[in-house]
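These are the residues of each chain, in order.
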Amino acid sequence: MSESGKTVTRVDLCEAVYQKVGLSRTESAAFVELVLKEITDCLEKGETVKLSSFGSFMVRKKGERIGRNPKTGTEVPISPRRVMVFKPSAILKQRINNGAGTKDESAVASAAAG
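Basis of the calculations
Residues numbered from 1 in each chain as written. Predicted model: local features only at pLDDT ≥ 70, side-chain atom pairs only at ≥ 80, totals over all residues. Heavy atoms only, no water. UniProt positions renumbered as here; feature names shortened; annotations may be inferred. Helix = DSSP H or I, 4+ residues; strand = E, 2+ residues; numbered from the N terminus. Expected span 1.5 Å × (residues − 1). Contact = heavy atoms within 4.5 Å.

Within an unreviewed UniProt entry, the label attached to the protein reads Integration host factor subunit alpha, and the organism entered is Afipia felis. Listed under Sequence similarities (unreviewed entry) in UniProt, the entry text for the protein is "Belongs to the bacterial histone-like protein family." Regarding the protein, the UniProt comment filed under Function (unreviewed entry) reads as follows: "This protein is one of the two subunits of integration host factor, a specific DNA-binding protein that functions in genetic recombination as well as in transcriptional and translational control."

Right, here's the structure in full:
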């Protein structure tokens, strides 16, 4: 995928399942919805969703804190809430960077050492 800023939608995911798995378009859409619903249900319960070679979705609790309106400087309490965080796996990070840095850095390090 290029850096064009394209957003992948549910329709795109359904089409990819249709093309690569061979299910009908209706079955592909139902499959994608089922997977997304299962992930959502687990996160709502506070469970961690770990997808091997991809990453982990987690829900964290944030306590109450004091925020500040940047325009007026007025302090405002921010209520406690839960937020979802995603931590990519090392494999995903490497794929995003096309392995850049790992090979180049080791080549530079061995050249500097030798």
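After that view, the rundown keeps rolling.
A. Region of the structure containing helix H2 (residues 25–44). For H2, spanning 20 residues, the distance from its first C-alpha to its last is 28 Å, which sits close to the expected 28 Å at 1.5 Å a residue. Next to the buried residues of H2 lie helix H1 (10–21), strand E1 (49–51), strand E2 (55–62) and strand E5 (81–88). Immediately downstream of H2, the backbone of Gly 46 shows phi near 90°, a positive value.

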